[in-house]
Amino acid sequence: MKDNYMAGSAKNRKTMMTLRIIGAVMVTLVMFFPVYWLLISALKTQSEMRMAVPTFWPETFAWQNFAEAFRVIPYARFFSNTLLMAVGTIILQLNVALMAAYAFAKGQFWGRDALFLLVLAALIVPEQVIFVPVYVMMSKLDWLDTFWALIVPHGASAYAIFLLRQAFKSINNDVLEAARVDGAGRFSILYKLLFRMALPTIVTMGVLIFISSWNSYFWPLIMTNDNDMRVLTVGIAMLRDSIAGNEAMFFNVIMASSVMAIIPIVLVFTVMQKHIVAAMANSTFK
């Protein structure tokens, strides 16, 4: 009787495990299908894109679609603008977040917790609500159509401050006191000690900032009018609008442009994946 019960229990566990694997595979396929469709559409010819019945594998690999994207729009210029905007935003936002998080996590001053709650309140304010006063400010500073307008308004992030504050709070204060005894100042403690101890969290935040900046569309659209200052998201939208009514003929070029646009995100995430996993495993929220 006992052996039959154990055999039945093992069989049920095996069945449940099989069902979980099947479910995970199905969910993965559903989530990956849009990416797969993007990739194969970027490699199809115009005639194949116009077929009434869509094909799930290119009949002929049209690699020239990628070169065509560089011909119809200044793709290299848009790419470099996007890269400069993303890197500049990472540098500025991380430094501001590091200093603010250090103050909120380890500083002792009047109104610290109230000010931190005010910072958290900024998380519920969408970008579209504040863009008018910020746009007026950028205009008065004569920063429109410059990288200053693309980077400076995103110099502070409430989410980055919150995430780094939680990481700093998990570090024992005795470590900081030992550094002070050795003569380390605030900036030395922050950039030489806390920075290294919270490196996985900082790298994770940097990846999130990069992805957000790289995919940004609304802000670059309203802050730039000169084509020399456009970024990839706006440039691809311009390509789509320029062929309005003929999307079926040029949809493969649009897809090729989109594929090249997501490659840097995939590369950054792949390279930094180890740090991201470490940050998720070691994060402690108090």
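Quantities reported herein were computed from a predicted structural model and do not represent experimental measurements. (Residues numbered from 1 in each chain as written. Predicted model: local features only at pLDDT ≥ 70, side-chain atom pairs only at ≥ 80, totals over all residues. Heavy atoms only, no water.)

With respect to helix 6 (residues 127-140)
Here is step 1: Between the first and last C-alpha of helix 6 there are 20 Å, a value that for 14 residues agrees with the 20 Å anticipated at 1.5 Å per step.
Here is step 2: Residue Asp 142 follows helix 6 closely and has a positive phi angle near 60°. (Helix = DSSP H or I, 4+ residues; strand = E, 2+ residues; numbered from the N terminus. Expected span 1.5 Å × (residues − 1).)

With respect to the pattern of salt bridges
Here is step 1: Scanning all chains against the criterion turns up 3 salt bridges.
Here is step 2: The residue Glu 177 makes a salt bridge to Arg 180 at a minimum N-O spacing of 2.9 Å. Taken together, the residues span about one helical turn, with Glu 177 and Arg 180 both in helix 9 (residues 173-181) at a distance of 3 residues. (Salt bridge = Lys/Arg side-chain N within 4 Å of Asp/Glu carboxyl O.)

Some details on the packing of helix 8 (residues 158-169) against helix 11 (residues 199-214)
Here is step 1: Between helix 8 and helix 11, the least distance of the axes is 10 Å, while the angle of their chain directions is 170°. In terms of axis orientation, helix 8 runs roughly antiparallel to helix 11. In this structure, helix 8 crosses over helix 11, and the sense of that crossing is right-handed. Here Tyr 159, Ala 160, Leu 163, Leu 164 and Ala 167 of helix 8 lie close against helix 11, whose contacting residues are Thr 201, Ile 202, Met 205 and Leu 208.
Here is step 2: Among the residues forming the contact of helix 8 with helix 11, the class breakdown is 8 nonpolar, 1 polar and no charged. (Axes fitted to C-alpha atoms, helices over the stretch in contact; angles between N-to-C directions. Parallel < 35°, antiparallel > 145°, perpendicular 65-115°, else oblique. Left-handed = near helix turned anticlockwise from the far one by under 90°. Contact = heavy atoms within 4.5 Å. Nonpolar A, V, L, I, M, F, W, Y, C, P; charged D, E, K, R; others polar.)

Overview of a nonpolar patch on the surface
Here is step 1: On the surface, a cluster of nonpolar side chains totalling about 650 Å² of accessible area is made up of Leu 123, Ile 124, Val 125, Val 129, Ile 130, Tyr 159 and Leu 208.
Here is step 2: Under the relative-accessibility criterion, Ile 124 is labelled exposed at 71%. (Patch = residues over 30% accessible without salt bridge, like charges linked within 9 Å, V, L, I, M, F, W, Y side chains within 5 Å. Areas by Shrake-Rupley, 256 points an atom, 1.4 Å probe, with all protein chains shown as cover. Buried < 20%, exposed > 50% of the residue type's maximum accessible area, 1.4 Å probe, protein only.)

Observations concerning the UniProt feature "transmembrane region" (unreviewed entry) in the chain
Here is step 1: Those places that UniProt annotates as "transmembrane region" (unreviewed entry) correspond, in this numbering, to residues 21-40, 83-103, 115-135, 147-164, 193-214 and 248-272.
Here is step 2: Helix makes up 76% of residues 115-135 and strand makes up 0%, while its end C-alpha atoms are separated by 26 Å.
Here is step 3: Taken end to end, residues 147-164 has its terminal C-alpha atoms 26 Å apart, with 67% of it in helix and 0% in strand. (UniProt positions renumbered as here; feature names shortened; annotations may be inferred.)

Brief notes about the packing of aromatic side chains
Here is step 1: Applying the stated rule across the entire model yields 16 aromatic pairs.
Here is step 2: Judged by centre distance (6.3 Å) and plane angle (25°), the rings of Trp 63 and Phe 66 are stacked.
Here is step 3: Here Trp 63 falls in the exposed class, since its relative accessible area comes to 56%.
Here is step 4: Their ring planes at 80° and their centres at 5.3 Å tell us that Phe 79 and Trp 214 sit as a pair that is edge-to-face. With a gap of 135 residues between them, Phe 79 in helix 4 (residues 75-106) and Trp 214 in helix 11 connect regions that are remote in the sequence.
Here is step 5: Look at Phe 79 and you get partly exposed, because its relative accessible area is 28%.
Here is step 6: Taken together, Phe 33, Tyr 36, Trp 37 and Phe 56 form an aromatic cluster joined through their ring pairs. (Phe/Tyr/Trp six-rings, centres within 6.5 Å; stacked < 30°, edge-to-face > 60°.)

A word on the environment of Asn 95
Here is step 1: Assignment of secondary structure puts Asn 95 in helix 4.
Here is step 2: Assessed through its relative accessible area of 28%, Asn 95 is described here as partly exposed.
Here is step 3: Separated by 96 residues in the primary sequence, Asn 95 and Tyr 191 place their C-alpha atoms 9.6 Å from one another.

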